[in-house]
Amino acid sequence: MGPSILIATALIVAIRTAKWAAKAGSDPNFSDVDTELDREISYAARITLRVMHELIKKHEGIFPGKKEPIFDGVYDEDLAE
(Lines give C-alpha, C1' and ligand atoms only; values in the text may rest on other atoms or scores of the structure.)
Protein backbone atom coordinates (compact mmCIF):
# COMPACT_ATOMS: atom_id res chain seq x y z
CA MET A 1 0.00 0.00 0.00
CA GLY A 2 3.02 2.28 0.42
CA PRO A 3 3.50 2.91 -3.30
CA SER A 4 -0.20 3.75 -3.65
CA ILE A 5 0.07 6.40 -0.95
CA LEU A 6 3.23 7.83 -2.49
CA ILE A 7 1.71 8.03 -5.98
CA ALA A 8 -1.54 9.55 -4.73
CA THR A 9 0.33 12.17 -2.68
CA ALA A 10 2.54 13.08 -5.65
CA LEU A 11 -0.52 13.45 -7.88
CA ILE A 12 -2.25 15.76 -5.42
CA VAL A 13 0.87 17.91 -5.07
CA ALA A 14 1.33 18.01 -8.85
CA ILE A 15 -2.27 19.07 -9.47
CA ARG A 16 -2.31 21.67 -6.70
CA THR A 17 1.03 23.22 -7.74
CA ALA A 18 0.73 22.91 -11.54
CA LYS A 19 0.23 26.64 -12.10
CA TRP A 20 2.89 27.81 -9.68
CA ALA A 21 5.70 29.83 -11.19
CA ALA A 22 9.13 28.24 -10.96
CA LYS A 23 11.19 29.77 -8.17
CA ALA A 24 14.93 30.12 -8.27
CA GLY A 25 16.37 30.17 -4.77
CA SER A 26 18.62 33.04 -3.80
CA ASP A 27 21.14 30.57 -2.36
CA PRO A 28 21.98 27.69 -4.74
CA ASN A 29 22.78 25.43 -1.77
CA PHE A 30 19.18 25.71 -0.53
CA SER A 31 17.22 25.98 -3.79
CA ASP A 32 14.94 23.12 -2.71
CA VAL A 33 13.82 24.83 0.52
CA ASP A 34 10.31 26.14 0.07
CA THR A 35 8.01 26.30 3.08
CA GLU A 36 4.95 26.83 0.90
CA LEU A 37 5.71 23.61 -1.00
CA ASP A 38 6.36 21.79 2.28
CA ARG A 39 2.89 22.80 3.47
CA GLU A 40 1.36 21.54 0.21
CA ILE A 41 3.15 18.20 0.56
CA SER A 42 1.96 17.81 4.16
CA TYR A 43 -1.58 18.67 3.13
CA ALA A 44 -1.50 16.20 0.21
CA ALA A 45 -0.18 13.42 2.47
CA ARG A 46 -2.97 14.05 5.00
CA ILE A 47 -5.61 13.97 2.26
CA THR A 48 -4.16 10.77 0.79
CA LEU A 49 -4.09 8.99 4.15
CA ARG A 50 -7.67 10.04 4.89
CA VAL A 51 -8.86 8.72 1.54
CA MET A 52 -6.92 5.45 1.90
CA HIS A 53 -8.28 4.98 5.43
CA GLU A 54 -11.83 5.50 4.21
CA LEU A 55 -11.35 3.10 1.29
CA ILE A 56 -9.95 0.40 3.55
CA LYS A 57 -12.75 0.92 6.07
CA LYS A 58 -15.57 0.71 3.52
CA HIS A 59 -14.03 -1.44 0.77
CA GLU A 60 -11.54 -3.74 2.46
CA GLY A 61 -11.51 -6.16 -0.49
CA ILE A 62 -9.73 -3.61 -2.68
CA PHE A 63 -6.55 -4.03 -0.61
CA PRO A 64 -6.04 -7.68 0.29
CA GLY A 65 -4.12 -8.26 3.51
CA LYS A 66 -1.97 -11.11 2.27
CA LYS A 67 -0.46 -12.16 -1.01
CA GLU A 68 -1.44 -15.51 -2.39
CA PRO A 69 0.97 -17.11 -4.86
CA ILE A 70 -0.38 -17.81 -8.30
CA PHE A 71 2.29 -20.46 -8.96
CA ASP A 72 4.04 -22.14 -6.07
CA GLY A 73 7.04 -23.29 -8.11
CA VAL A 74 6.18 -27.00 -7.97
CA TYR A 75 5.64 -28.71 -11.30
CA ASP A 76 4.16 -32.18 -11.29
CA GLU A 77 4.96 -34.01 -14.54
CA ASP A 78 2.30 -36.67 -13.83
CA LEU A 79 -0.43 -34.05 -13.87
CA ALA A 80 0.88 -32.46 -17.07
CA GLU A 81 0.29 -35.59 -19.18
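Since the structure is predicted, the reported quantities are computational estimates derived from the model, not experimental observations.

### Quick notes on helix 2 (residues 35-58)
Three or four residues apart is the spacing at which side chains of an α-helix point the same way, because the helix has 3.6 residues per turn.
For step 1, the next point in the chain: With 24 residues, helix 2 should reach 34 Å at 1.5 Å per residue; the first-to-last C-alpha distance of 35 Å fits that figure.
For step 2, the next point in the chain: The set of residues buried in helix 2 consists of E40, A44, T48 and M52.
For step 3, the next point in the chain: Summarising the contacts, the buried residues of helix 2 are in contact with helix 1 (2-17).

### Observations regarding the packing of helix 1 against helix 2
For step 1, the next point in the chain: Running from N to C, helix 1 and helix 2 point in directions that differ by 130 degrees, and their axes come no closer than 8 Å. Accordingly, the angle class assigned to the pair helix 1 and helix 2 is oblique. Judged by the twist between their axes, the crossing of helix 1 over helix 2 is right-handed. Of helix 2, the residues touching helix 1 (which contributes S4, I5, A8, T9, I12, V13, R16 and T17) are L37, E40, I41, Y43, A44, A45, I47, T48, L49 and M52.
For step 2, the next point in the chain: Taken together, the residues that form the contact of helix 1 with helix 2 break down as 12 nonpolar, 4 polar and 2 charged.

### What to know about helix 1
For step 1, the next point in the chain: Taking 1.5 Å per residue as the helical rise, helix 1 with its 16 residues ought to reach 22 Å, and the 23 Å between its terminal C-alpha atoms agrees with that figure.
For step 2, the next point in the chain: Buried within helix 1 we find T9, V13 and T17. Buried positions in helix 1, seen along its axis, are confined to an arc of 50 degrees and lie on one side of it. Seen from the buried face of helix 1, the exposed residues on the opposite side, beyond 90 degrees, are P3, I7 and I15.
For step 3, the next point in the chain: Contacts from the buried residues of helix 1 go to helix 2.

### Focus on the pattern of salt bridges
For step 1, the next point in the chain: Per the stated rule, a full pass over the model turns up 3 salt bridges.
For step 2, the next point in the chain: Residue K57 pairs with E54 through a salt bridge whose shortest N-O separation is 3.5 Å. Pair noted here: K57 and E54 are both in helix 2, with a separation of 3 residues, about one helical turn.
For step 3, the next point in the chain: Taking relative accessible area as the criterion, K57 reaches 55% and is therefore assigned exposed.
For step 4, the next point in the chain: Judged by relative accessible area, which is 29%, E54 ranks as partly exposed.
For step 5, the next point in the chain: Among the salt bridges present, the one from K58 reaches E54, with a minimum N-O distance of 3.2 Å. Here K58 and its partner E54 are both found in helix 2, 4 residues apart, which amounts to about one turn of the helix.
For step 6, the next point in the chain: The structure contains a network of salt bridges with shared partners spanning E54, K57 and K58.

Rules used in this analysis
The residue numbering used here restarts from 1 in each chain and proceeds along that chain's sequence as written. Totals for whole chains, interfaces and linings use every residue, but because this is a predicted model, local features are given only for residues with pLDDT of at least 70 and side-chain atom pairs only at 80 or more, for both listing and counting. Derived side-chain values reflect all non-hydrogen atoms in the structure, with water molecules and hydrogen atoms excluded from consideration. Only DSSP runs of H or I reaching four residues or more are called helices, and only runs of E reaching two or more are called strands; each is numbered from the N terminus. Residue count minus one, scaled by 1.5 Å, sets the expected span of a helix. Burial classification: accessible surface area is computed with a 1.4 Å probe over protein chains only, and a residue below 20% of its type maximum counts as buried, one above 50% as exposed, and the rest as partly exposed. Between two residues, a contact is recorded if the distance between any of their heavy atoms is within 4.5 Å. Only the stretch in contact is used when fitting a helix axis, every axis being a line fitted to C-alpha atoms; angles between N-to-C directions are given from 0 to 180 degrees. Put simply, angles under 35 degrees are roughly parallel, angles over 145 are roughly antiparallel, angles from 65 to 115 are roughly perpendicular, and the rest are oblique. Each helix crossing is assigned a hand: it is left-handed if the near helix lies turned anticlockwise from the far helix by less than a right angle, otherwise right-handed if that turn is clockwise. Each residue receives one of three labels: charged for Asp, Glu, Lys and Arg, nonpolar for Ala, Val, Leu, Ile, Met, Phe, Trp, Tyr, Cys and Pro, and polar for the others, Gly being one of them. Each C-beta atom gives one direction from the helix axis, and the arc is the one those directions make. Take a side-chain nitrogen of Lys or Arg and a carboxyl oxygen of Asp or Glu: if they are within 4 Å of each other, that pair is a salt bridge.

Remember, this is a structural readout, not a statement about activity or role.
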